[in-house]
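Each chain is listed here by its residues.
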Amino acid sequence: MKVRVRFSKSGKIRWTSHRDVARMWERAFRRTSLPLAYSEGFSPRPKVSFGLALSTGHESVAEYLDLELVPASELDVESLSGRLTAALPDGIEVTAVGRIDDRADSLQHEVTSCTYELVAAGATIDELREYVAQALAAPTIVLTRQRKGQDVTDDVRPAILSVDVLDEVEADDGRPCVSLVAELATQPRGLRPAELLAALSPTLDEVRVRRTNQWILRADGARHEPLGVVTELALADA
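In this convention, every chain numbers its residues from 1, walking through the sequence in written order. Thresholds applied to this predicted model are a pLDDT of at least 70 for local features of residues and 80 or more for the giving and counting of side-chain atom pairs; totals over whole chains, interfaces and linings are not thresholded and use all residues. Note: side-chain values were computed over all heavy atoms of the structure, leaving out hydrogens and water.

(A) Fine view of the packing of helix 1 (residues 18-32) against helix 2 (residues 80-87). To obtain each axis, a line is fitted to C-alpha atoms, and for helices this fit is confined to the stretch in contact; angles are then taken between N-to-C directions over 0 to 180 degrees. Numbering of helices and strands starts at the N terminus; helices are DSSP runs of H or I of at least 4 residues and strands are runs of E of at least 2. For the pair helix 1 and helix 2, interaxial distance at closest approach is 8 Å and the crossing angle is 115 degrees. The handedness of the crossing between helix 1 and helix 2 is right-handed. Along the contact surface, helix 1 presents Trp-25, Ala-28, Phe-29, Arg-31 and Thr-32, while helix 2 presents Arg-83, Leu-84 and Ala-87. Crossing handedness is defined as follows: a turn of the near helix away from the far one that is anticlockwise and smaller than a right angle gives a left-handed crossing, while the clockwise case is right-handed. Residue contacts follow a heavy-atom distance rule, with two residues in contact if any of their heavy atoms lie within 4.5 Å.

Written out as structure tokens, the structure is:
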């Protein structure tokens, strides 16, 4: 049986790395005695696969992982949300659990884009609107960024699917900021929120980021979330 879990990551725990979050989940699985299926071989590992890594310092209400459970297990899937949340640290909360097709592809392969809420400093709302208009009208946007410790120059324009400037907000330190929402492609090469801001203007600084959705684009053009549930939350004040 294959199960997909959606969870949120917020508050101080957003500074925890992707690897450390994976360790927290491993402990939660042990505490709840989940009947996980294991790989074969000399060093068996639980069949758990995480979705797209979230940058350290970012919050999210749309993180996912897949679990494979032993076929003979009798498990009330609906009870898993509460059981797992109770076994996880504050700041990580399971918001949905559902069975998926055993033949479903990995999240890393299926997810084609993500939506982010951002708060940025370094421009007025009118300036940011102009930067966004210029970027969306540009045929190409060449950006040099690091990949595996090396500088790589790419045209990132195809990865910017949409950007909407929302409102003026204030950061915790009193700086004037602007909020925006953007959908960024994850394939064939993903674009990070910080890289989006760099593509818009070198004056922009990332203040706060929250991932709100991950999207799977089907062959018929329909777009779905990995569990088929759309989460809509208002942008919190920076």
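On we go from here.
(B) Representation of unusual backbone geometry within the structure. That bond from Gln-187 to Pro-188 is cis: its omega, 0 degrees, falls within 30 degrees of zero. Relative to the helices and strands, Pro-188 resides in the loop between strand 9 (176-185) and helix 5 (193-200).

(C) Broad picture of empty space enclosed by the protein. Of the grid points, spaced at 1 Å and generated over the protein atoms alone, those admitting a 1.4 Å probe that cannot get out make up cavities, while open sets with protein on both sides within 12 Å along at least five of seven lines make up pockets; any residue with an atom within 4 Å of a point is treated as lining. Grid points are joined across faces, edges and corners, and a volume is the space filled by probe spheres set on the points. Under the criterion given, the structure shown has two cavities of 30 Å³ or more. Put simply, the largest cavity is a space of about 100 Å³. Surrounding the largest cavity, Phe-7, Lys-9, His-18, Val-21, Phe-50, Gly-51, Leu-52, Ala-53, Leu-54, Glu-63 and Tyr-64 form its lining. At the level of secondary structure, the elements contributing two or more residues to the lining of the largest cavity comprise strand 1 (2-9), helix 1 and strand 3 (59-68).

(D) Layout of the side chain of Glu-110. When you line up the elements, Glu-110 lands in helix 3 (residues 107-110). Separated by 3.4 Å, the side chains of Glu-110 and Arg-218 make a polar contact. The contacts of Glu-110, once residues within four sequence positions are left out, are Arg-4, Asp-105, Gln-187, Trp-215, Ile-216 and Arg-218. For the purposes of these results, a polar contact is taken to be a pair of N or O atoms within 3.5 Å, where, inside protein, one atom must be able to donate a hydrogen and its partner to accept one; residues adjacent in sequence count only when each atom of the pair is a side-chain atom.

(E) Broad picture of the nonpolar core. As used here, the term nonpolar core means buried Ala, Val, Leu, Ile, Met, Phe, Trp, Tyr and Cys residues forming a set that is joined through side-chain atoms within 4.5 Å. Think of it in three bands: residues with accessible area under 20% of the maximum for their type are buried, residues over 50% are exposed, and the middle band is partly exposed, with areas taken using a 1.4 Å probe on protein chains only. Formed by 34 residues in total, the largest nonpolar core has its most connected members in Leu-118, Leu-128, Val-163, Leu-191, Leu-196 and Leu-200. Going through the elements one at a time, strand 3, strand 5 (113-121), helix 4 (125-137), strand 8 (160-170), strand 9, helix 5 and strand 10 (205-217) are the ones with two or more residues in this core. A per-element tally of this core places strand 9 first, with five residues. In this structure, Val-3, Met-24, Phe-50 and Leu-67 belong to the second largest nonpolar core, which totals 26 residues.

(F) Highlighting the pairing of strand 3. Across the 10 residues that make up strand 3, a large majority, nine, are buried. In the sheet, strand 1 pairs with strand 3 via seven bridges, with the strands oriented antiparallel. The residue of strand 3 that forms the bridge with Arg-4 is Asp-66. Bridge count between strand 2 (residues 48-50) and strand 3: three bridges; the pairing is antiparallel. Bridging across to strand 3, Val-48 finds its partner in Leu-67. Here a strand pair is declared whenever DSSP counts at least two bridges between the two strands. Here strand 3 pairs with strand 10 via two bridges, running parallel. Its bridge partner lying in strand 10, Glu-59 is registered against Arg-210.

(G) Main features of the layout of surface pockets. In this structure, the largest pocket encloses a volume near 460 Å³. Every element with two or more residues in the lining of the largest pocket is listed here: strand 5 and strand 9. Residues that form the lining of the largest pocket fall into these classes: nine nonpolar, six polar and three charged. Polar here means any residue outside two lists: the nonpolar Ala, Val, Leu, Ile, Met, Phe, Trp, Tyr, Cys and Pro, and the charged Asp, Glu, Lys and Arg; Gly therefore counts as polar.

From the geometry alone we can't say anything about function, so treat these as descriptive.
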